[in-house]
Amino acid sequence: MIEIDICLGSSCHLKGAHDVLKEFRNMAAEMSLEGEVEMRGRFCMKKCRQGVSVSIGNEYYSVSPATAREFFREAAARKNA
């Protein structure tokens, strides 16, 4: 199971958090991973200077709507490796 937390705090919201979440959901469907990925919204992750904050496990990443598809593809590949 890939557990992805996406910051939905005000700063990340303004940077496109909902668009990132939508792209992640689309990618999960396209890659037939709906039952293997859990996406959760979280409030501020205290990484506001970066793009939309996303965490997988204890790792934090900065994602934008423009990089969301590539990020998700790489995260899924790492998990399946």
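Cut-off values and rules
- Residues numbered from 1 in each chain as written.
- Predicted model: local features only at pLDDT ≥ 70, side-chain atom pairs only at ≥ 80, totals over all residues.
- Heavy atoms only, no water.
- Pairing = 2+ DSSP bridges.
- Helix = DSSP H or I, 4+ residues; strand = E, 2+ residues; numbered from the N terminus.
- Buried < 20%, exposed > 50% of the residue type's maximum accessible area, 1.4 Å probe, protein only.

Considerations on the pairing of strand 4 (residues 59-63)
Step number 1: Pairing geometry for strand 3 (residues 52-56) and strand 4, over five bridges, is antiparallel. Note on strand 4: the bridge partner recorded for Val-54 is Tyr-61.
Step number 2: Hairpin remark: strand 3 followed by strand 4, antiparallel, with two residues in the connecting loop; positive phi at Gly-57, about 65°.

Things to note about the pairing of strand 3
Step number 1: For strand 3, a buried count of five out of five residues is recorded, marking the element as mostly surrounded by other parts of the structure.
Step number 2: Residues of strand 3 alternate between two faces, with Val-52, Val-54 and Ile-56 on one and Ser-53 and Ser-55 on the opposite face, all of them buried.
Step number 3: Summarising the sheet, strand 1 (residues 2-7) and strand 3 pair through three bridges and their orientation is antiparallel. Paired with Ile-4 across the bridge in strand 3 is Ile-56.

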